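Here are the chains, one letter per residue:
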Amino acid sequence: MEQSSGFALAGGRDSAGDDRRRVLKALGGGLPLLGLGGPAGRGIAATDERRRDDAVRRLASEPRARGRASFAKCLPHDDRGDVPESVLAAFEEATVSMRAEDWERLPTPGVIRLANPWAGYLWDSPLHHDPLASRVEPLPPFPAIDSEELAAQMLEVYWAALLRDVPFAEFDRSALVAAAVAELRRTRRFADVTPQSLLRGPIPRAWQGRYLSQLLWMPIPYGAQLIWQSYRVPFRGVDFMTSWEEYLAVIRGEWPPGIKRLYAEQLYLRSGRDLACYTQMDLATQAFINAAAILANNQHGRRDNLAASNPYKTSPSMEGFVTFGSAYAINHMGTISDCALRATWHEKWMRHRALRPEEYGALVERARRGEPMPIARSLLDSEAVRRTVARQGNALLSQVFPEGCPTHPAYPAGHAAIAGACVTVLKALFDEAQPIRFPIQPGRDGRDWEELDRDQPTPTVGSELDKLAMNIAFGRNFAGVHYWADSWWGLVLGERVAIAWLREQARTSIEHTMGRFAAFTFTAFDGRPVRISAAS
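Being a predicted model, the structure only gives us computed values, none of them experimental.

Caption draft 1: Region of interest: the overall build of the chain. Looking only at helices and strands, one finds 17 helices and six strands in the chain. Burial analysis of the chain (536 residues in total) assigns 60% to the buried set. Long-range contacts, defined here as pairs at least 24 residues apart, represent 77% of the contacts in the chain between residues at least 6 apart. About 21800 Å² of surface is accessible on the chain, with carbon and sulfur atoms providing 53% of the total.

Caption draft 2: Fine view of the pattern of salt bridges. Applying the stated criterion across every chain yields a total of 38 salt bridges. A salt bridge links Arg210 to Asp453; its shortest N-O distance comes to 2.6 Å. Placement of the pair is Arg210 in the loop between helix H6 (175-184) and strand E1 (220-222) and Asp453 in the loop between strand E4 (449-451) and helix H15 (461-479), with a sequence separation of 243 residues. Taking relative accessible area as the criterion, Arg210 reaches 22% and is therefore assigned partly exposed. Its relative accessible area of 31% is what places Asp453 among the partly exposed residues.

Caption draft 3: Structural context of the nonpolar core. Ranked by internal contacts, the top residues of the largest apolar core, which has 137 residues, are Phe288, Tyr360, Leu379 and Leu491. Ranked by residue count, the leading element in this core is helix H16 (residues 484-508), at 13 residues.

Caption draft 4: The pairing of strand E5 (residues 519-523), seen in detail. Bridge count for E5 against strand E6 (residues 529-533) is five bridges, and the pairing is antiparallel. Within E6, the residue paired with Ala519 across the bridge is Ser533. Hairpin connection, E5 to E6: the antiparallel pair is bridged by five residues, and Gly527 has positive phi, about 95°.

Caption draft 5: Up close: the packing of aromatic side chains. Under the criterion given, the structure shown has 20 aromatic pairs. Arranged with centres 6.5 Å apart and planes meeting at 55°, the rings of Phe171 and Tyr211 form a pair that is tilted. A residue pair is termed long-range when its members are at least 10 positions apart, and Phe171 in the loop between helix H5 (148-162) and H6 and Tyr211 in the loop between H6 and E1 qualify at 40 residues. Both residues of the pair, Phe171 and Tyr211, belong to the buried class. Judged by centre distance (6.2 Å) and plane angle (75°), the rings of Tyr211 and Phe478 are edge-to-face. Here Phe478 lies in helix H15 and Tyr211 lies in the loop between H6 and E1, a separation of 267 residues in the sequence. Each member of the pair, Tyr211 as well as Phe478, carries the same accessibility label: buried. Lying across the ring of Trp345, Lys348 places its NZ or CZ 5.5 Å from the centre.

Caption draft 6: Seen up close, helix H11 (residues 357-368). For H11, built from twelve residues, the straight-helix expectation of 16 Å at 1.5 Å per residue is met to within 8% by its first-to-last C-alpha distance of 16 Å. Along H11, eleven of the twelve residues are buried, which leaves the element largely enclosed by surrounding structure. Those residues of H11 that sit buried are Pro357, Glu358, Glu359, Tyr360, Gly361, Ala362, Leu363, Val364, Glu365, Arg366 and Ala367. Among the residues trailing H11, Gly370 stands out with phi positive, at a value near 115°.

Caption draft 7: Inspection of unusual backbone geometry at higher detail. Look at the link from Tyr411 to Pro412: it is a cis peptide, with omega at -5°. Residue placement: Pro412 occurs in the loop between helix H13 (383-392) and helix H14 (414-429). At Met98, a position not held by glycine, the phi torsion is positive, near 65°.

Caption draft 8: Summary view of the packing of helix H10 (residues 326-352) against H14. Between H10 and H14, whose axes approach to 8 Å, the crossing angle comes to 145°. For the pair H10 and H14, the crossing hand works out as right-handed. Contact residues: Tyr328, Ala329, Met333, Ile336, Ser337, Ala340, Leu341, Thr344 and Lys348 in H10; Gly414, Ala417, Ile418, Ala421, Cys422, Val425, Leu426 and Leu429 in H14. Per-class residue counts for the contact of H10 with H14 are 13 nonpolar, three polar and one charged.

Caption draft 9: Molecular detail of H5. The first and last C-alpha atoms of H5 sit 21 Å apart over 15 residues, in line with the 21 Å expected at 1.5 Å per residue. Burial runs high along H5: 13 of the 15 residues are buried.

Caption draft 10: Looking closely at the confidence of the model for the chain. Taken as a whole, the chain shows an average pLDDT of 90; of its residues, 89% reach a score of 70 or greater. Long-range and interchain partners of residues 1-17, a stretch whose pLDDT sits below 50, account for 49 contacts in this model, where long-range means more than four residues apart. Taken as a whole, residues 19-47 scores under 50 in pLDDT and shows 59 contacts with residues more than four places along the chain or in a different chain.

Caption draft 11: Geometry of the environment of Ala292. Following the sequence through the fold, Ala292 ends up in helix H9 (residues 286-296). A C-alpha to C-alpha distance of 9.3 Å links Ala292 and Val423, two positions 131 residues apart in sequence. Those residues in contact with Ala292 that lie beyond four places of it in its chain are Ala329, Ile330, Leu426 and Phe430.

Each value, and the rule that gives it
Residues numbered from 1 in each chain as written. Predicted model: local features only at pLDDT ≥ 70, side-chain atom pairs only at ≥ 80, totals over all residues. Heavy atoms only, no water. Helix = DSSP H or I, 4+ residues; strand = E, 2+ residues; numbered from the N terminus. Buried < 20%, exposed > 50% of the residue type's maximum accessible area, 1.4 Å probe, protein only. Contact = heavy atoms within 4.5 Å. Areas by Shrake-Rupley, 256 points an atom, 1.4 Å probe, with all protein chains shown as cover. Salt bridge = Lys/Arg side-chain N within 4 Å of Asp/Glu carboxyl O. Core = buried A, V, L, I, M, F, W, Y, C linked by side-chain atoms within 4.5 Å. Pairing = 2+ DSSP bridges. Phe/Tyr/Trp six-rings, centres within 6.5 Å; stacked < 30°, edge-to-face > 60°. Lys NZ or Arg CZ within 6 Å of the ring centre and 35° of its normal. Expected span 1.5 Å × (residues − 1). Axes fitted to C-alpha atoms, helices over the stretch in contact; angles between N-to-C directions. Left-handed = near helix turned anticlockwise from the far one by under 90°. Nonpolar A, V, L, I, M, F, W, Y, C, P; charged D, E, K, R; others polar. pLDDT = per-residue confidence, 0-100.

In structure tokens form, the structure reads like this:
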């Protein structure tokens, strides 16, 4: 019988050196590499062999997770939940060799497949180099699997699962929220958390007012009609992957046995479960195209929402459209989303390959049963885990989606990177200080809207854009598919990609050529002022 995988730290080097030396030895024979968009080898057939091998060595040296720290969904798992060592070695070999046939030989016994790992080569690899990549700082390593840092982040994810059905409007008076805050404050990562900042990330403007952004509640101008942002939301209390048998089926890539049920009537988003469902069913750029449409179509003053740096805000004879106007803002949500996803897929597949929270939760359950696992004792003894066991009979991390997490690694989050990139561009184009006109909130039953309570702070364009980015990023944490690091560093990566893109846009803009545009200015997610000069 084949030996199952042991565990290794995220970014660890246990058997990595031997495997990588073996791969490099095989590559020494000059075997053809994958050429995206054509037969194997075409993409870099003329590349100098030494240059190729140097590039492969750099790829091989990335701190990808190993053993049980590695993402492995869709691959074969035994009944204990382990992946054979030979399969994990083949996974690493396919990553480093870049051969199409090595990827296609990976065993995926279920009907679900790995999500586009070849796209990980598009950003910065021997096969392809995106021009933006050299101007975007890579992300730090993912936390080690046995670290107190990752244990704290997983603790937050367990609490997010327990809090899914608590309405956001009741966070300030919920006993369950108070218990979550009390336990999380005992960790270094969340020592300063409050009911107001819980599950909002380190984004100061997102801590203000209601949890959900006005841009997820306000009506969307869509041609000659308004689209009211009420949605079909899932039944409360219905979670998935709460038994070992169901977990094994889904982690092996089998079609999920559960069915997500939605209320027949459409309701405004009010809870973590509602938000998680929105982030499952949305199109990649949906929330940000909606936001651009809301901000660009202010019927009470078409220029009011434009950034002060926009030359068309004060032009006596012109307004923007193709550039620095509504078409520019809406069309480039797709452009910058594509850039952010390329960077994200490189980080996910080529640099980190971090396990998903559902996989970590399985290790917690196995440790609870007495198996030696690389899990911090603080998490095993936590109140969140005890409450989870009391609720479902085990310590598996319950999921909002029947299929659990997507079939690509955890770190960083794709939704977060898209949110970070799109919102950064929108903050550069619109006046962050402008108050939102006619702010609203859902009624208690979610069936209709009402005016925002007068004791709430006045929402501004900047605060609601930051909050929208936070909602889309951390909404995935409520689903159980991401950690704090995935969401926060995904936002940061998207922001970095957008800054590099905006710098090129500023430098080459016709408005700069005409002497009427000097710089984009906006506030970063961490509160820092950013200025991108057209002259740089």
